[in-house]
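The primary structure of each chain is shown beneath.
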Amino acid sequence: MTLFRVNRIPRKQVLSRACLWYNQVVPRWLAIADRLRSEREHRGLTQRGLARASGVALATIQRIERAASAPALDTVEQIATALGVDPGWLAYGPDQPTG
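Each value, and the rule that gives it
Residues numbered from 1 in each chain as written. Predicted model: local features only at pLDDT ≥ 70, side-chain atom pairs only at ≥ 80, totals over all residues. Heavy atoms only, no water. Core = buried A, V, L, I, M, F, W, Y, C linked by side-chain atoms within 4.5 Å. Buried < 20%, exposed > 50% of the residue type's maximum accessible area, 1.4 Å probe, protein only. Helix = DSSP H or I, 4+ residues; strand = E, 2+ residues; numbered from the N terminus. Contact = heavy atoms within 4.5 Å.

Caption draft 1: Region of the structure containing the nonpolar core. Ranked by size, the top nonpolar core spans 14 residues in total, and within it Leu36, Leu50, Ile61, Ile64, Ile79, Leu83 and Leu90 carry the most contacts. Of all the secondary-structure elements, those providing two or more residues to this core are α1 (11–42), α2 (47–54), α3 (58–65), α4 (73–83) and α5 (87–92). Take this core: its biggest share by element is four residues, from α4. Filtering out sequence-adjacent residues up to four positions away, isoleucine 61 remains in contact with Gln47, Leu50, Ala51, Ser54, Val56 and Ile79.

Caption draft 2: Broad picture of the environment of alanine 33. Tracing the backbone through its elements, the reader meets alanine 33 in helix α1. Given a relative accessible area of 2%, alanine 33 falls into the buried group. Beyond its immediate sequence surroundings of up to four residues, alanine 33 is in contact with Ile64, Glu65 and Ala67.

Caption draft 3: Local environment of unusual backbone geometry. One non-glycine residue, alanine 67, lies in positive phi territory at about 60°. Along the chain, alanine 67 falls in the loop between α3 and α4.

Caption draft 4: Focus on the side chain of serine 54. Tracing the chain through its elements places serine 54 in helix α2. Given a relative accessible area of 8%, serine 54 falls into the buried group. Beyond its immediate chain neighbours, meaning those up to four positions away, serine 54 contacts Ile61, Gln78, Ile79 and Ala82.

This is the structure:
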C-alpha cells in the first residue's frame, strides 16, 4: 500500500516553468546589481564603506553586486537607506510596481 502519491509533472512543463521563472526573476536580479554598483560608485563609496554604513555584511554586498545572490527585502531597505535612495527604485528600478 502506498502512503502517498507522487504527482509526476511532464519534463516539458517543468522546463517551461523554469524558463518562465528565469525570464521574470533573473533580469530583475541582475538589474539590482547594476543599480547598486552604479549608485555606490556615484556616491564615492567602496563596498566596505557601504557595508559599514548600511550594517550589511561586506560579503553580502559583494554577492549582490556580482549577481551571485538575490537580496532579501530587508537587506535592500538597509542598503537603500545608506545610499539615500528609494528602496523601491533599488529593488525594481524606475518602473517599480505601484500599490
